[in-house]
Amino acid sequence: MALSELRARWEQYQPHLEKFATTFITRCKTDNITISAGHLAYVTLLSLVPFIMVFFTILSAFPAFATVRSKLEQFIFSNFVPTASDVVHEYMSDFVGNASQMGAVGILSLLLVAILLISNVDKTLNRIWRTQSERPIIYTFAIYWMVITLGPLLMGASVVMTSYLVGLAEFAEEYTPGLGTFLLELVPSFTALAAFIILYMLVPNRRVPVLHALGGAVLATMLFELSKKGFAFYVTSFPSYQVIYGALAALPLLFLWIYLSWIVVLLGAEFTCSLEEAFPAEQDDKSDNDESDIPEG
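Conventions adopted
Residues numbered from 1 in each chain as written. Predicted model: local features only at pLDDT ≥ 70, side-chain atom pairs only at ≥ 80, totals over all residues. Heavy atoms only, no water. Helix = DSSP H or I, 4+ residues; strand = E, 2+ residues; numbered from the N terminus. Buried < 20%, exposed > 50% of the residue type's maximum accessible area, 1.4 Å probe, protein only. Contact = heavy atoms within 4.5 Å. Areas by Shrake-Rupley, 256 points an atom, 1.4 Å probe, with all protein chains shown as cover. Core = buried A, V, L, I, M, F, W, Y, C linked by side-chain atoms within 4.5 Å. Axes fitted to C-alpha atoms, helices over the stretch in contact; angles between N-to-C directions. Parallel < 35°, antiparallel > 145°, perpendicular 65-115°, else oblique. Left-handed = near helix turned anticlockwise from the far one by under 90°. Salt bridge = Lys/Arg side-chain N within 4 Å of Asp/Glu carboxyl O. Expected span 1.5 Å × (residues − 1). Patch = residues over 30% accessible without salt bridge, like charges linked within 9 Å, V, L, I, M, F, W, Y side chains within 5 Å.

### Examining the overall build of the protein chain
Now for step 1: Secondary structure summary: the protein chain contains 11 helices and zero strands in total.
Now for step 2: Going residue by residue from the N terminus, the α and β elements of the protein chain occur as α-α-α-α-α-α-α-α-α-α-α.
Now for step 3: Within the protein chain, the fraction of its 297 residues that count as buried is 39%.
Now for step 4: Put simply, of all contacts in the protein chain between residues at least 6 apart along the chain, 83% involve residues at least 24 apart.
Now for step 5: Carbon and sulfur atoms make up 69% of the accessible area of the protein chain, which totals about 17800 Å².

This is the structure in C-alpha cells:
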C-alpha cells in the first residue's frame with residue numbers, strides 16, 4: 001500500500017519536477033547569470049567602502065550599538081570572507097577611516113554610490129522575476145533608504161543576539177560538551193538563510209510565496225557554505241596568487257569571492273522563480289476560487 005502511494009505521488013509530481021528542471025536550466029542560460037554576477041561584483045567592489053562607511057556611520061549614531069561595531073566586523077569577516085579575512089579587514093578599516101574624514105559633499109557622493117549598489121541588485125533581481133511594472137520613484141527611494149537605515153540596525157541586533165547565544169552555548173558546553181560549538185557553527189548559516197529569504201521576498205516587485213523563497217534560500221545557503229569551503233581549500237592549496245600579485249593578492253581574491261557569492265545569490269533567485277513556474281499551486285487555487293465565485297447560468 002505504501003509503495004503504491006509513493007508511486008502515485010511520483011506520477012503526480014513527475015511532470016512538475018521535469019518542468020522545474022527544464023525551466024531552471026533554461027532560465028539560467030537565458031538570463032546569463034555569470035555576466036550579471038560579474039557586473040554586480042564590479043559594482044559591489046566599487047561600492048563596498050562607501051556602503052560599509054554609511055553602514056557603520058548609521059550604526060554608531062545609536063548608543064545602544066556603540067560596542068557592537070568591533071563584534072559585527074569580526075563576525076562578518078570571519079564568517080563571510082572565507083580566507084585572507086584579516087588582510088581584507090585591515091584594508092577596509094583603513095579605507096573607511098580615510099573616507100570618514102571627507103566633507104559633506106564627499107559623504108553624499110559615497111551615499112549615492114551605496115544606493116547605486118542597491119539599485120543594481122534591485123534591477124537584476126526584478127529582471128530575473130520578469131516584472132513588468134516599475135515602482136514609483138518616491139517608493140523606490142523609500143525602499144533604498146530603508147535598506148540603508150534599517151539594515152545596520154538589524155545587523156546590530158543580530159550580533160547582540162549572537163553574543164547572547166554565545167553565552168548560552170558556553171553555559172551548555174559545561175553540561176553537553178560539543179553541543180555549544182555545534183550550535184555556534186550554525187549561526188552564520190541561519191543568518192545567511194534569513195538574509196536570502198528576505199532578499200527573495202522583498203526585492204522583487206511582485207508577491208513571492210514564502211515556501212518558494214524558502215526553497216531558493218535553502219539552495220543558496222547550501223551553495224554559499226560549499227563555496228566558502230571550496231574557495232578556502234583552493235586558496236590554501238594553490239597559493240599561486242601570492243606569487244603573481246604579491247602584496248595586492250587580497251584584491252583579486254576579494255573580487256573573485258564577491259563574484260562567486262553573486263552567482264550563488266542569482267542561482268537561488270532562478271531556483272525560486274523556477275519553483276513558481278513549475279508549482280503554481282497558489283495561482284491555480286486562486287483561479288479555481290475565482291471560477292467558483294461566478295454564478296452558474
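### A word on the nonpolar core
Now for step 1: Residues L125, W129, Y200 and W262 are the most contacted members of the largest nonpolar core, which totals 44 residues.
Now for step 2: Elements with a minimum of two residues in this core: α1 (2–31), α2 (33–60), α5 (104–128), α7 (179–202), α8 (210–237) and α10 (250–278).
Now for step 3: It is α10 that provides the largest number of residues to this core, a total of 14 residues.
Now for step 4: Sequence-distant contacts of Y200, that is, excluding residues within four places in its chain, are made with W129, V208, A213, G216, A217, A220, V264, V265, G268, A269 and T272.
Now for step 5: Counting residues in each nonpolar core, the second largest holds 10 residues, with M53, I58, L111 and I148 among its members.

### Brief notes about the packing of α8 against α10
Now for step 1: Packing of α8 against α10 brings their axes to within 8 Å, and their N-to-C directions diverge by 155°. The angle between the axes of α8 and α10 places the two elements in the roughly antiparallel class. You can see that α8 and α10 cross each other, and the crossing is right-handed. Two secondary-structure elements touch here, α8 through H212, A213, G215, G216, L219, A220, L223, F224, S227, K228, F231 and V235 and α10 through L253, L256, W257, L260, S261, V264, L267, G268, F271, T272, L275 and E276.

### Considering unusual backbone geometry
Now for step 1: One non-glycine residue, N32, lies in positive phi territory at about 50°.
Now for step 2: Here N32 lies in the loop between α1 and α2.
Now for step 3: A positive phi angle is found at R130, which is not glycine, with a value near 60°.
Now for step 4: Here R130 shows up in the loop between α5 and α6 (137–173).
Now for step 5: For R130, a relative accessible area of 37% corresponds to the partly exposed category.

### Points about the pattern of salt bridges
Now for step 1: Inspection of every chain in the model, using the stated rule, returns five salt bridges.
Now for step 2: For R27, the salt bridge is made with E270, and the minimal N-O distance between the two is 3.0 Å. Taken together, the residues R27 in helix α1 and E270 in helix α10 connect sequence positions 243 residues apart.
Now for step 3: Taking relative accessible area as the criterion, R27 reaches 6% and is therefore assigned buried.
Now for step 4: Residue R27 is joined to E277 by a salt bridge in which the shortest nitrogen-to-oxygen separation is 2.7 Å. Taken together, the residues span a long stretch of sequence, with R27 in helix α1 and E277 in helix α10 at a distance of 250 residues.

### Examining α8
Now for step 1: For α8, built from 28 residues, the straight-helix expectation of 40 Å at 1.5 Å per residue is met to within 8% by its first-to-last C-alpha distance of 40 Å.
Now for step 2: Residues of α8 that are buried: H212, A213, G216, A217, A220, T221, F224, E225, S227, K228, F231 and V235.

### Describing α10
Now for step 1: Here α10 spans 42 Å end to end across 29 residues, near enough to the 42 Å set by a 1.5 Å rise per residue.
Now for step 2: The element α10 is largely enclosed, with a buried count of 21 among its 29 residues.

### Some remarks on a nonpolar patch on the surface
Now for step 1: A cluster of nonpolar side chains, Y42, L46, L116 and F255, forms an exposed patch at the surface whose accessible area comes to about 390 Å².
Now for step 2: Checked against the element boundaries, L46 lands in helix α2.
Now for step 3: You can call L46 partly exposed: its relative accessible area is 49%.

### Thoughts on the environment of M201
Now for step 1: Relative to the assigned elements, M201 resides in helix α7.
Now for step 2: Residues M201 and T272, spaced 71 residues apart in sequence, show a C-alpha to C-alpha distance of 9.8 Å.
Now for step 3: The contacts of M201, once residues within four sequence positions are left out, are R206, V208, V210 and A213.

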